[in-house]
Amino acid sequence: MTVAPKREAYDVVVIGAGPAGLAAAATSAEAGLSTLLLDENIGPGGQVFRAIASTPVTERNQLGADYWVGADLVRTLRASNAEIIQRATVWSLDRNLEIAVSIGGASAFARAQRVILATGALERPFPIPGWTLPGVMTAGAAQTMLKSSALVPDGRTVIAGQGPLLWLLAAQILRLGGRIDRILDTTERGNYFAALPHAFAFLTSPYFVKGLSMMREVRAKVRVVSGVTELAAAGDGQLASVSYVAGGKRETIPADLLLLHQGVVPNVNLAMAAGVEHRWDDLQLCWSPVLDASGNSSVAGIAIAGDGAGIGGATAAVVRGRIAARAAVEALAPAAAAKLAPMAQLRAELAKTERGRMFLDTLFRPAPQFRIPAGDTIVCRCEEVTAKDILDAVAIGATGPNQLKAYRRTGMGPCQGRLCGLTVTELMAQARGKTPQEIGYYRLRAPVKPITLAELAAVPKSEADVKAVVRG
């Protein structure tokens, strides 16, 4: 049964029910504002707290204490007066704060005085030879299956890449009795020296003890190969082997499953389509929205919280959600803000949770060869466009990602650039001797997720819209 929003207009609409969205919606509702939370998953939690209300994994130590924090956030939200709609895919948000959402195959529409985008992060593209073969997945996809269905690998499994999520996933797989044959760590050796100036902040952060313990746990059970500089998957229609170079030596090992991960980046599609200004982040190597201290964007009434505002982790996302919601309350119902934690307190909490982030961002900065592929490596999976295809297009006049669409249709498939956008920007920037900021990104428009023609036809039309079509 389709569940449409109960109202035509709300004080606050929160999009995304991950850590930031859960916290933002609960905070807004607590202050008495009419609040709608829209989320496209079957249940709340986002990726970090995936299936928190339904996971079959009941032993708390298997997923780790940080995961179960999500259960408290969900309980708080459900105890509030916030309206929550799951399986709701927002496909349009405009500058008038009008929201179009697909629910059960039909479109519904709502307006807001304030919108808080909590769309979270995506895994960074990891374009290596063979990454489109069956049997090659992202670490995030494997973690989704683990949390949702308690499924873990039982065949020959290799995990490759870098970053905190890689080690967390490995620990979770092992705790649930899964198999990992080898971990291929692609962290550049030079990154350790580059990160040293930020080491003290990291050592005094919550990340250090947790991370060290987790890595020790994994290393005690799995062979870890450090300093991997080349990586490729191979097989005839199915993954059969993984080859890599470490310490100048090449090795090929049989594999049934390869899990890839080299960090996460903000999910910017909806924000960009709404006209929010973004800038290239040279440290995190991605596009991030331009925001003020309360998460407010360049579009009046739209705030962004959580990893969609810049990667900071789940704990920081919760605090960012509360900050954005408090700012909305201060704007719409100043007297009600007295019920909430003071903004100064929230900002102090945020600073504490972000301590050590610079160290992690520097240490786990992905190597160029794993971000900017060459030759016949596929970049755009939807349209099967290779790195060579893109460079050939640049050679005959393509100046940026939007011009490239006309040459090669990159970014025009179902993912709408989510799996190739960063690679295309960096590849073209390198080829043209420009910065990613100068090259730019795809021009994103609604619908930002695939919808049916019937849903598109159901969009409310003004008299001017009708005249524009019929020339009346």
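Model, not experiment: these values are computed from the prediction.

A. Summary view of the overall build of the protein chain. Summing up its helical and strand segments, the protein chain has 19 helices and 21 strands in all. In terms of C-alpha radius of gyration, the protein chain reaches 22 Å, essentially the compact-globule figure of 23 Å for 472 residues. Dimensions along the principal axes, computed over C-alpha positions, put the protein chain at roughly 65 × 55 × 45 Å. With 472 residues in all, the protein chain has 55% of them scored as buried. Across the protein chain, contacts joining residues at least 24 apart in sequence account for 68% of those joining residues at least 6 apart.

B. Just the state of the cysteines, in detail. For the structure shown, the criterion picks out 0 disulfides. The thiol of Cys286 is not disulfide-bonded; the next cysteine sulfur, from Cys420, is found 16 Å away. Of the cysteine sulfurs around Cys415, a residue in no disulfide, the closest is that of Cys382, at 3.8 Å. Relative accessible area serves as the criterion here: at 17%, Cys415 is assigned to the buried category.

C. Region of the structure containing the nonpolar core. Within the largest apolar cluster, 58 residues are counted, with the highest numbers of intra-cluster contacts made by Ile116, Ile159, Ile180, Ile183 and Val218. Apart from residues lying up to four places away in sequence, Ile159 is in contact with Leu166, Ala170, Ile173, Ile180, Arg182, Ile183, Leu184 and Leu259.

D. Structural detail: the side chain of Gln162. Turning to its location among the elements, Gln162 is positioned in strand S9 (residues 157-162). Only 3.3 Å separates the side chain of Gln162 from the side chain of Thr187, close enough to count as a polar contact. In this structure the side chain of Gln162 is engaged in a polar contact, spanning 2.8 Å, whose partner is the backbone oxygen of Phe364. Once residues lying within four places of it in the same chain are set aside, the contact partners of Gln162 are Asp185, Thr186, Thr187, Glu188, His261, Gln262, Gly263, Phe364, Arg365 and Pro366.

Cut-offs used in this document
- Residues numbered from 1 in each chain as written.
- Predicted model: local features only at pLDDT ≥ 70, side-chain atom pairs only at ≥ 80, totals over all residues.
- Heavy atoms only, no water.
- Helix = DSSP H or I, 4+ residues; strand = E, 2+ residues; numbered from the N terminus.
- Rg over C-alpha atoms; globule rule 2.2 N^0.38 Å.
- Buried < 20%, exposed > 50% of the residue type's maximum accessible area, 1.4 Å probe, protein only.
- Contact = heavy atoms within 4.5 Å.
- Disulfide = S-S within 2.5 Å.
- Core = buried A, V, L, I, M, F, W, Y, C linked by side-chain atoms within 4.5 Å.
- Polar contact = N/O pair within 3.5 Å; in protein donor to acceptor, adjacent residues only side chain to side chain.

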